[in-house]
Amino acid sequence: GGGGGGPRRGGGGRFDPGMLFYSPQIWASDNTDVFSRMSIQQGTSLVYPLSTIGSHITEVPNHQTQRLATLKTRFLIALFGTFGLELDVRRLPEDEMFELSLYIAMFKRLAPVIISGKFFRLWSPGSVGGMTRDAYAWMAVGAEGRDAV
């Protein structure tokens, strides 16, 4: 990301309420590595709704960090944002193309709960009560409180 903040930080200061006047969504960071995006989206979601956080499934290995991640992992992180694709689908193997089609269908079913519901950050990496967690856990509950993701 801009500003030399390192691999886990966003940069550029582009995400602010003034920008949302011109665009309903903003790319939270130039950093597209899915593992970095977890902390970027977690932090951005403290102030801004998920419906404003641009988040995409990107290619692997990531062009910035060279890290690999499963398509499922990349889907789950993109799901908690505006969800898009930032990869050349023509280059996907047939099995990943099929998997991606299932994820897109799932996003279409879950989007109303995620985008219009209430977002909960259940936990993030760190130590709590003597237990170390190396993961994020997020949940969205629909406006009526009947559905959750």
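We now turn to the structure provided with this report. (Residues numbered from 1 in each chain as written. Predicted model: local features only at pLDDT ≥ 70, side-chain atom pairs only at ≥ 80, totals over all residues. Heavy atoms only, no water.)

A few words on the overall build of the chain. Helix and strand counts for the chain come out as four helices and eight strands. Of the regular secondary structure in the chain, the N- to C-terminal order runs α-β-α-β-β-α-β-α-β-β-β-β. The globule rule puts the C-alpha radius of gyration for 149 residues at 15 Å, and the 16 Å found for the chain is close to it. Counting only residues that meet the buried cut, the chain has 36% of its 149 residues in that class. In the chain, 60% of the contacts between residues at least 6 apart in sequence involve partners at least 24 apart. Summed over its atoms, the accessible surface of the chain is roughly 8700 Å², and 58% of this surface lies on carbon and sulfur atoms. Averaging the locations of the 15 positively and 13 negatively charged side chains of the chain gives two centres separated by 7 Å. (Helix = DSSP H or I, 4+ residues; strand = E, 2+ residues; numbered from the N terminus. Rg over C-alpha atoms; globule rule 2.2 N^0.38 Å. Buried < 20%, exposed > 50% of the residue type's maximum accessible area, 1.4 Å probe, protein only. Contact = heavy atoms within 4.5 Å. Areas by Shrake-Rupley, 256 points an atom, 1.4 Å probe, with all protein chains shown as cover. Lys, Arg positive; Asp, Glu negative; His and termini not counted. Charge placed at Lys NZ, Arg CZ, Asp CG, Glu CD.)

Inspection of every chain in the model, using the stated rule, returns two cavities of 30 Å³ or more. Taken as a whole, the largest cavity encloses approximately 60 Å³ of empty space. Counted by class, the lining of the largest cavity contains five nonpolar, five polar and two charged residues. Counted as a void, the second largest cavity has a volume near 40 Å³. In terms of residue class, the lining of the second largest cavity is made up of five nonpolar, three polar and four charged. (1 Å grid on protein atoms, 1.4 Å probe; cavity = no way out; pocket = protein on both sides within 12 Å on 5 of 7 lines; lining within 4 Å. Points joined across faces, edges and corners; volume = space filled by probe spheres on them. Nonpolar A, V, L, I, M, F, W, Y, C, P; charged D, E, K, R; others polar.)

Another point: helix α3 (residues 71-79). Along an α-helix, a turn takes 3.6 residues, which lines up residues three or four apart on a common side. Within α3 the residues assigned to the buried category are Leu-71, Arg-74, Phe-75, Ile-77, Ala-78 and Leu-79. In this structure, the buried residues of α3 make contact with α2 (34-44), β3 (56-58), α4 (94-116) and β8 (137-141).

Approximately 170 Å³ is the volume found for the largest pocket. When residues in the lining of the largest pocket are grouped by element, the largest group, three residues, is from α3.

Quick look at α4 now. The first and last C-alpha atoms of α4 sit 33 Å apart over 23 residues, in line with the 33 Å expected at 1.5 Å per residue. Listed in full, the buried residues belonging to α4 are Leu-100, Tyr-103, Phe-107, Ala-111, Val-113 and Ile-114. (Expected span 1.5 Å × (residues − 1).)

So, about the packing of aromatic side chains. Using the criterion set out here, one finds eight aromatic pairs in the structure. Relative to Phe-119, the ring of Phe-80 has its centre 5.8 Å away and its plane inclined at 40 degrees; by these criteria the two rings are tilted. Remark: Phe-119 occurs in strand β5 (residues 118-123) and Phe-80 occurs in the loop between α3 and β4 (84-86); sequence separation between them is 39 residues. Using a relative accessible area of 14% as the deciding quantity, one classes Phe-119 as buried. Consider the rings of Phe-83 and Phe-107, whose centres lie 4.4 Å apart with planes at 15 degrees: the pair is stacked. Of the two residues, Phe-83 sits in the loop between α3 and β4 while Phe-107 sits in helix α4, which places them 24 residues apart along the sequence. Chaining the aromatic ring pairs together yields one cluster made of Phe-75, Phe-83, Tyr-103 and Phe-107. (Phe/Tyr/Trp six-rings, centres within 6.5 Å; stacked < 30°, edge-to-face > 60°.)

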